[in-house]
Amino acid sequence: MTEQTPAEAQETEATREYVTADLCGTTLRVKNITGWRPSYLRALREADYDAWAAGVLHVDDVPTFIDLDATFEEINGFVGAAMEAAGEAPGKSSGPRRSSRTTRKR
């Protein structure tokens, strides 16, 4: 997969409800990152992949995800590919950034 420019990532996010990524040779539809709830991210961090899938995959793709019974390594690769397709690099937050300026208490 080729990397998207920031402009292409914004376009993807704005125009598509789902992106696709492959898991074990099967293409699954994943909601754009902006459609994820904090509980989905929590499930992902806690390795509750079935709960995560139920929240972020297209409803028709959830049984396929479960039936594939992928390894952790395969799921992590799938999640990374899905996040890249949605325009978000894995491990990066789109939340506010801290100021680079330091402040001192007086």
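Along each chain, residues carry numbers from 1 onward, in the same order as the chain's sequence is written. Side-chain atom pairs in this predicted model are given and counted only at pLDDT of 80 or more, local residue features only at pLDDT of at least 70, and totals for whole chains, interfaces and linings cover all residues. Derived side-chain values reflect all non-hydrogen atoms in the structure, with water molecules and hydrogen atoms excluded from consideration.

Glancing now at the overall build of the protein. Every helix listed is a DSSP run of H or I at least four residues long, and every strand listed is a run of E at least two residues long, numbered separately from the N terminus. Of the regular secondary structure elements, the protein holds 5 helices and 2 strands. Ordered by position from N to C terminus, the α and β elements of the protein give α-β-β-α-α-α-α. Here, two residues are considered to be in contact whenever any of their heavy atoms come within 4.5 Å of each other. For the protein, long-range pairs separated by at least 24 residues make up 55% of all intrachain contacts whose partners lie at least 6 apart in sequence. Each accessible area value is a Shrake-Rupley result obtained with a 1.4 Å probe; residue values ignore everything except the protein chains displayed when judging cover. Accessible area for the protein stands at about 7,700 Å²; split by element, carbon and sulfur atoms hold 47% of it.

To continue, consider the packing of helix 2 (residues 38–45) against helix 3 (residues 49–56). Helix 3 packs onto helix 2 with a crossing angle of 150° between their chain directions and a minimal axis gap of 8 Å. With respect to helix 3, the element helix 2 is oriented roughly antiparallel. The interaxial crossing formed by helix 2 with helix 3 has left-handed handedness. Contacts from Tyr40, Ala43 and Leu44 of helix 2 reach helix 3 at Tyr49, Ala51, Trp52, Gly55 and Val56. When residues are sorted by character, Ala, Val, Leu, Ile, Met, Phe, Trp, Tyr, Cys and Pro go into the nonpolar class, Asp, Glu, Lys and Arg into the charged class, and all the rest, Gly among them, into the polar class. Within the contact of helix 2 with helix 3, the residues separate by chemical class into 7 nonpolar, 1 polar and no charged. Between N-to-C directions, angles cover 0 to 180 degrees, with each direction set by a line fitted to C-alpha atoms, over the stretch in contact for helices. Note on terminology: angles under 35 degrees are roughly parallel, angles over 145 are roughly antiparallel, angles of 65 to 115 are roughly perpendicular, and the others are oblique. Should the near helix be turned anticlockwise from the far one by less than a right angle, the crossing is termed left-handed; should it be turned clockwise, right-handed.

This part covers the confidence of the model for the protein. Where the model shows low pLDDT, its predicted coordinates should not be examined in detail. The pLDDT value tells you how sure the predictor is about a given residue, anywhere from 0 up to 100. A residue-level look at the protein finds 69% of positions with pLDDT of 70 or above and a mean pLDDT of 81. The least confident element of the protein, judged by mean pLDDT, is helix 1 (residues 6–15) at 59; the most confident is helix 4 (residues 62–68) at 96. Here residues 93–97 is a poorly scored stretch, pLDDT under 50, and it has 2 contacts once near neighbours within four places are set aside; other chains count.

Pairing of aromatic rings covers Phe, Tyr and Trp, the last counted by its six-membered ring, and requires centre-to-centre distances within 6.5 Å; plane angles under 30 degrees mean stacked, over 60 mean edge-to-face, and any other angle means tilted. Summed over all chains, the structure comprises 5 aromatic pairs. Taking the centre distance of 5.9 Å and the plane angle of 75° together, the rings of Trp36 and Trp52 count as edge-to-face. Taken together, the residues span a long stretch of sequence, with Trp36 in the loop between strand 2 (26–31) and helix 2 and Trp52 in helix 3 at a distance of 16 residues. The class of Trp36 is buried, set by a relative accessible area of 10%. Consider the rings of Phe65 and Phe78, whose centres lie 6.3 Å apart with planes at 40°: the pair is tilted. Taken together, the positions of Phe65 in helix 4 and Phe78 in helix 5 (residues 72–85) put the pair 13 residues apart, joining distant regions of the chain. The buried label goes to any residue with under 20% of its type's maximum accessible area, the exposed label to any with over 50%, and the partly exposed label to all in between, with areas taken from a 1.4 Å probe on protein chains only.

For the rest of this paragraph, the subject is unusual backbone geometry. What is expected of a backbone is that most residues other than glycine have negative phi and most peptide bonds are trans. The residue Cys24 is not glycine, and still its phi comes out positive at about 55°. Positionally, Cys24 belongs in the loop between strand 1 (18–23) and strand 2. With relative accessibility at 40%, the residue Cys24 sits in the partly exposed group. You will see that Ala47, though not glycine, has its phi angle at about 60°, which is positive. Looking at where Ala47 falls in the secondary structure, it is placed in the loop between helix 2 and helix 3. What makes Ala47 partly exposed here is its relative accessible area of 39%.

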